[in-house]
Amino acid sequence: HTSGVLSAVFSPTGDRVLTASADDTAIVWDASTGEVLQRFIGHSDILTWAEFSPTGGYVLTRDNGNTAKLWNASSVQVLNTF
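Description of the structure in this document.

Parameters and conventions
Residues numbered from 1 in each chain as written. Predicted model: local features only at pLDDT ≥ 70, side-chain atom pairs only at ≥ 80, totals over all residues. Heavy atoms only, no water. Pairing = 2+ DSSP bridges. Helix = DSSP H or I, 4+ residues; strand = E, 2+ residues; numbered from the N terminus. Axes fitted to C-alpha atoms, helices over the stretch in contact; angles between N-to-C directions. Buried < 20%, exposed > 50% of the residue type's maximum accessible area, 1.4 Å probe, protein only. Core = buried A, V, L, I, M, F, W, Y, C linked by side-chain atoms within 4.5 Å. Contact = heavy atoms within 4.5 Å.

## Some remarks on the sheet that holds strand β4 (residues 36-41)
Part 1 of the reasoning: Strand order in the open sheet made by the four strands is β1-β2-β3-β4, with antiparallel pairing throughout. Every interior strand has two partners, whereas the edge strands, β1 (5-10) and β4, have only one. On average, adjacent strands in this sheet sit at an angle of 15 degrees to one another, irrespective of strand direction.
Part 2 of the reasoning: When strand β3 (residues 25-30) meets β4, the two strands line up antiparallel, connected through five bridges. Looking across to β4, one finds that V28 is bridged to Q38.

In structure tokens form, the structure reads like this:
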């Protein structure tokens, strides 16, 4: 990230960490190595929150303007914007 992290959560399996940042992005990291696995880019405001679905197959993000996006966690494609 290029700005502060506002949210961090472990994946359901504990092997990944999802962070939401003031740089408008969310990142999935390998919990053991710290390697970036995926970048979620598409918000136009500070991300205040991000969470994995219970299965880890989806990511939900929310920005400071109250826009939420549902992403496929593997392909990093936006499935819906709320």
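## Digging into the sheet that holds strand β8 (residues 78-81)
Part 1 of the reasoning: Reading across from one edge, β5-β6-β7-β8 is the order of the four strands in this open sheet, with antiparallel pairing throughout. Here the strands that pair on one side only, and so sit at the sheet edges, are β5 (47-52) and β8. This sheet shows a mean twist of 20 degrees between the axes of neighbouring strands, independent of strand direction.

## Details of unusual backbone geometry
Generally, phi is negative for residues other than glycine and the peptide bonds are trans, each holding for most cases.
Part 1 of the reasoning: You will see that D24, though not glycine, has its phi angle at about 75 degrees, which is positive.
Part 2 of the reasoning: According to the relative accessible area criterion, D24 is partly exposed, its value standing at 22%.
Part 3 of the reasoning: One non-glycine residue, N66, adopts positive backbone phi at about 65 degrees.
Part 4 of the reasoning: Note that N66 resides in the loop between β6 (58-63) and β7 (68-72).
Part 5 of the reasoning: N66 gets classed as exposed once you look at its relative accessible area, which sits at 61%.

## Let's talk about the pairing of strand β2 (residues 16-21)
Part 1 of the reasoning: Among the six residues that make up β2, six are buried, leaving the element largely enclosed by the rest of the structure.
Part 2 of the reasoning: Examined bridge by bridge, β1 and β2 share five bridges and lie antiparallel to one another. Along β2, the bridge assignment pairs S7 with A20.
Part 3 of the reasoning: Where β1 folds back onto β2 in an antiparallel hairpin, the turn is made up of five residues, including G14, whose phi is positive at roughly 80 degrees.
Part 4 of the reasoning: Hairpin connection between β2 and β3: a loop of three residues separates the two successive antiparallel strands, and D24 in this loop has a positive phi of roughly 75 degrees.

## Remarks on the nonpolar core
Part 1 of the reasoning: Counting residues in each nonpolar core, the largest one holds 12 residues, listed as V9, L18, A20, A26, V28, F40, L47, A50, F52, V59, W71 and A73.
Part 2 of the reasoning: Residue assignment for this core shows that the elements contributing at least two residues are β2, β3 and β5.
Part 3 of the reasoning: Broken down by element, the residue count for this core peaks at three residues, all from β5.
Part 4 of the reasoning: Once residues lying within four places of it in the same chain are set aside, the contact partners of F40 are D24, T25, A26, V28, V59, W71, N72, A73 and V76.

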